[in-house]
Amino acid sequence: MSRPDAGSSDAARLSAVEGLLECWLGLDPGTIGSAAIQRAVRIRMTALEIDGLEAYVDVAERDRAERDRLVEEVVVPESWFFRDRQVFDFVRGFATTVAALPGRGPLRILSAPCAGGEEPYSVAMALLEAGLGPARFIIDAVDVSRKALGRAERGVYSANAFRNADHSFRDRWFCGEDGGFVIDTAVRQCVRFHWGNIVDRGFAEGLGGPAAAYDVIFCRNLLIYLTAEARDRVEKNVGRLLAADGLLVVGAAEPPTLQGRWIPAADSSIFALKRGPQGGGPLAVPKAAATATGRPRPGPTPLTGAMELASASIVEATAGPATGHLPLDEVVRQAGGLANDQRFVEALTCCQQHLSQFGPSAEVFFLMGMIQQSAGDADQAEGCFHKTLYLDPDHEDALLALALSASRRGDAATASRFRQAAARASARKAAS
Ligand SMILES: C[S@@+](CC[C@H](N)C(=O)[O-])C[C@H]1O[C@@H](n2cnc3c(N)ncnc32)[C@H](O)[C@@H]1O
């Protein structure tokens, strides 16, 4: 593949690939980033031994198998067991109440996207532990990544999938084998995995049940990465598949991405939604959310302040178990120095090189957002903060930065939602 600056024709071809990904998956190229797409294309071109970008675009357009391989390089099947623990407590309470209704058939639950199975298996463990036998519920789990589905079906996980402080469930439902953790057959048998693209019109039609069959639909940590049109298609699919009194579970940062046909399922809930009144107004804000953090966050930040904020966040994340051994401190040092010298393009290039080398990282996207903000490009900054949230929905600083951007453009309702999401992220962190 030619260098990214090799000319406008390469840029046009890359944007053709971005257009294909947007059309196939609904992915917003502005959110996922050209660097990530370029990296994916480069990997595929190397594998196919194709030199020219034009030739690659031609193959990707014609060959469905190649399309799927490119998709595998672009998606981020990042997940872990009991991600946002309180979600599973809430759903367990809902499920046991519904299951106790007289004459009730098995409860139906959909997890889409399910990544490597961590989410649907967490639901299965939660329900089994609540005393619901396997005949009392059916879990369908869908993803567009065949690799992720293969991992889910194998049911063997590394320590990375156990990022929660509470590991007691691992002792009950997994056994250690060759450095991995193998899920118990009793849990595995509760989940049926399927390939599917959630933005397709007929999504999940072939899964066996009638329309509006699901009592609970999990659709977490994807919406934030989709174009507005794709989000609308997902909402329509969810609307078709969810029972009238069913529960829609989204990521903590995702309610502001929905179109307002949903209301919180409980006062304290930002993630579990139910259908609002027909033609209802914007997404209602839970009462408990009235206590926003009020923490001053990144105002029209002088550059040094922005870099300090980014560094603080990165130090915090480096200490956690999920970040691996990426040399983030080196990126911060280099990009921060360049940005302090007002060399924004070079600072961003430095971050992009890190992403190309190591793959998507919430902290690097956040740093890029701060640099874009300092450079005065509010739109690009927002895109970076959304990418941050896609990888880490509880990233408080990104939530607050988005709240600030929204209030700057006079969108008080969205600003308030992001502030409330940040308050909840902060409360969750304090409680964990
Ligand atoms: C970050 S994971 C989220 C997994 C899980 N819901 C969670 O919150 O932990 C995002 C997943 O979305 C899948 N994905 C991306 N676009 C999709 C689409 N159009 N249809 C179905 N799955 C998609 C990816 O393959 C990836 O596994």
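Before any of the text, the structure's been laid out above.
Values in this document were obtained by computation on a predicted structure and should not be read as measured data. (Residues numbered from 1 in each chain as written. Predicted model: local features only at pLDDT ≥ 70, side-chain atom pairs only at ≥ 80, totals over all residues. Heavy atoms only, no water.)

Next up on the list: the overall build of the chain. Scanning the chain for helices and strands turns up 18 helices and 10 strands. Within the chain, the fraction of its 432 residues that count as buried is 52%. Contacts spanning at least 24 positions in sequence make up 70% of the contacts within the chain whose residues lie at least 6 apart. Accessible surface for the chain amounts to roughly 18,600 Å². Of this, 52% is attributable to carbon and sulfur atoms. (Helix = DSSP H or I, 4+ residues; strand = E, 2+ residues; numbered from the N terminus. Buried < 20%, exposed > 50% of the residue type's maximum accessible area, 1.4 Å probe, protein only. Contact = heavy atoms within 4.5 Å. Areas by Shrake-Rupley, 256 points an atom, 1.4 Å probe, with all protein chains shown as cover.)

It is worth spelling out the packing of helix H4 (residues 53–62) against helix H5 (residues 64–74) at this point. Axis separation between H4 and H5 bottoms out at 5 Å; the angle between their running directions is 110 degrees. Between H4 and H5, the interaxial angle falls into the category roughly perpendicular. Between H4, through Tyr 56, Val 59, Ala 60 and Arg 62, and H5, the contact on the second element is made entirely by Arg 64, Glu 66, Arg 67 and Leu 70. (Axes fitted to C-alpha atoms, helices over the stretch in contact; angles between N-to-C directions. Parallel < 35°, antiparallel > 145°, perpendicular 65-115°, else oblique.)

What follows is about the nonpolar core. Counting 86 residues, the largest nonpolar core has Leu 70, Leu 110, Leu 248 and Ile 371 as the members making the most contacts within it. No other element matches helix H15 (residues 362–374), which puts eight residues into this core. Other than its neighbours up to four places away in sequence, Leu 110 contacts Asp 140, Val 142, Phe 203, Leu 207, Tyr 214, Val 216, Ile 217, Phe 218 and Leu 241. Grouped together as the second largest cluster of nonpolar side chains are 42 residues, Cys 114, Ala 141, Phe 162 and Phe 169 included. (Core = buried A, V, L, I, M, F, W, Y, C linked by side-chain atoms within 4.5 Å.)

To continue, consider the sheet that holds strand S5 (residues 180–183). The sheet built from three strands is open, its strands ordered S3-S5-S4 with antiparallel pairing. Each end of this open sheet is capped by a strand with a single partner; those strands are strand S3 (156–157) and strand S4 (174–177). As paired strands, S3 and S5 are joined by two bridges and run antiparallel to one another. Bridge assignment links Val 156 to a residue of S5, and that residue is Val 182. (Pairing = 2+ DSSP bridges.)

It is worth spelling out the environment of Glu 177 at this point. Mapped onto the secondary structure, Glu 177 falls in strand S4. In this structure, the C-alpha to C-alpha distance between Glu 177 and Tyr 157, residues 20 residues apart in sequence, is 9.8 Å.

Attention now moves to the site of the ligand. Taken together, 20 residues are adjacent to the ligand, and Ser 79, Arg 83, Pro 113, Asp 143 and Asn 221 come closest. Residue Pro 113 places a main-chain N or O atom 2.8 Å away from a nitrogen atom belonging to the ligand. Between the ligand and the protein, one listed contact pairs a nitrogen atom with a backbone N or O atom of Ile 198 at 3.0 Å. The fraction of the free accessible surface of the ligand (610 Å²) that becomes covered by protein chains is 99%. (Near = heavy atom within 4 Å. Polar contact = N/O pair within 3.5 Å; in protein donor to acceptor, adjacent residues only side chain to side chain.)

Along the chain, Glu 72 falls in helix H5. The charged side chain of Glu 72 is buried without a salt bridge, its nearest counter-charge being Lys 147 at 5.2 Å. Within the structure, the side chain of Glu 72 is placed 2.7 Å from the side chain of Ser 145, a separation counted as a polar contact. Those residues in contact with Glu 72 that lie beyond four places of it in its chain are Val 144, Ser 145, Arg 146 and Lys 147. (Lys, Arg positive; Asp, Glu negative; His and termini not counted. Salt bridge = Lys/Arg side-chain N within 4 Å of Asp/Glu carboxyl O.)

As for its placement among the helices and strands, Thr 227 is situated in the loop between strand S7 (214–219) and helix H11 (228–241). Residues within four places of Thr 227 in sequence aside, it is in contact with Glu 22, Gly 26, Leu 27 and Asp 28.

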